[in-house]
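What the coordinates show
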Amino acid sequence: MIKDEDFIRNESVPLTKEEIRALSLSKLNLTHDDIVIDIGCGSGGMTVEIATIAKKAYAIDNNEDAINTTNANLEKFDIKNCEVISGDAKEELEKILNNISSETVKTEETAKNLKIFIGGTQNIEEILSIINKYGIKTVVSNTIVVNTGLKIAEILENYDYEIDLINMTVSYGRRIKSGYMMMARNPITIITAKK
Ligand SMILES: C[S@@+](CC[C@H](N)C(=O)[O-])C[C@H]1O[C@@H](n2cnc3c(N)ncnc32)[C@H](O)[C@@H]1O
C-alpha cells in the first residue's frame, strides 16, 4: 500500500486513508484482468491502487480540483492504464459502460471482470440503477455518512445483490509521556455487493 503522505494533495480534496484503501481493495478482490470504474476519485488514492493491479481503470469526478489531483497522482505513480473523466457519474458512468460493454459484458466470463468502486455518493440512486441495469457483479462503496451507507446497502439488496457491511474505525497511536494514546478517525462504512 502507498502511504497517505506520498500522495500529492489539495487540501480541498479528500483522500481515502491507507487502512480503508487496504480493506476496500481486498473487498474488490482484483485480478490483472479486471476493468474498474472508480466513481468519485477524489485525490486518486483508490484509483492509483486499483490501476496498479487491474488491467484498466476509469476515474470519474465532478470536481475539477479532484480531477487535477488524480491526474497529478497518476503521473507521480507512473500509471498509464487509467482514463480520467470529468463530470457527474450519473451521466458519465453509462457512457463508459456503453463503450466497453459491447466487448466486455458479452459473456458471463468477461462480465465478472467489470467492477465498480464508489467513493462519492451524490446522485447515488441513479448511479446504482445504472449499475444494476448493466448487470455489474461486484460493487464496493465507502461512505462517511452512515445513512448513505445503509441506503446503498438497502437499494443493492433490493436489486438482489448479496451485501457485506463493515463499519471500520482506525485509531492511530500518538506517543505521550506515559505511553501511546489512540486517536480515532471517522468511522467509514464499507459496503460490498456481489451477484
Ligand atoms: C471521499 S472523495 C473520494 C476519495 C478517493 N476515493 C481517494 O482515494 O482519493 C469523494 C469524491 O467523490 C466526488 N463525487 C461525489 N459524487 C459524485 C458523482 N455523482 N459523480 C462524480 N463525482 C462525485 C466528489 O467530488 C469527491 O471528490
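In the annotation of an unreviewed UniProt entry, the chain is listed under the name Probable cobalt-precorrin-6B C(15)-methyltransferase (decarboxylating) and assigned to Methanococcus voltae. Check the Pathway (unreviewed entry) section of the UniProt entry for the chain; it says "Cofactor biosynthesis; adenosylcobalamin biosynthesis; cob(II)yrinate a,c-diamide from sirohydrochlorin (anaerobic route): step 8/10."

Quick word on the side chain of D34
Counting through the fold element by element, D34 comes out in the loop between α1 (18-28) and β1 (35-39). Within polar-contact distance, the side chain of D34 engages the backbone nitrogen of T31 at 2.8 Å. The residues contacting D34, other than those within four sequence positions of it, are N29, A54, K55, K56, K112, N113 and K115.

A word on the environment of Y134
Along the chain, Y134 turns up in the loop between α6 (124-133) and β5 (138-143). Overall, the relative accessible area of 15% leaves Y134 in the buried class.

What to know about the site of the ligand
Around the ligand, 22 residues are found, and the nearest of them are T16, M46, D61, A89 and Q122. T16 has a polar side-chain atom sitting 2.8 Å from a nitrogen atom of the ligand. Computed on the free molecule, the ligand has an accessible area of 600 Å², of which 89% lies beneath the protein chains in the complex. Assessed atom by atom at 2 Å from the grid points, the ligand resides in the largest pocket.

Overview of α6
Those residues of α6 that sit buried are I124, I127, L128, I130 and I131. Take α6 and look down its axis: the buried residues cluster within an arc of 155°, on one side only. Trailing α6 by a residue or two, G135 shows a phi angle of about 65°, which is positive.

What counts as what
- Residues numbered from 1 in each chain as written.
- Predicted model: local features only at pLDDT ≥ 70, side-chain atom pairs only at ≥ 80, totals over all residues.
- Heavy atoms only, no water.
- UniProt positions renumbered as here; feature names shortened; annotations may be inferred.
- Helix = DSSP H or I, 4+ residues; strand = E, 2+ residues; numbered from the N terminus.
- Polar contact = N/O pair within 3.5 Å; in protein donor to acceptor, adjacent residues only side chain to side chain.
- Contact = heavy atoms within 4.5 Å.
- Buried < 20%, exposed > 50% of the residue type's maximum accessible area, 1.4 Å probe, protein only.
- Near = heavy atom within 4 Å.
- Areas by Shrake-Rupley, 256 points an atom, 1.4 Å probe, with all protein chains shown as cover.
- 1 Å grid on protein atoms, 1.4 Å probe; cavity = no way out; pocket = protein on both sides within 12 Å on 5 of 7 lines; lining within 4 Å.
- Sits in = over half its atoms within 2 Å of the grid points.
- Arc of directions from axis to C-beta.

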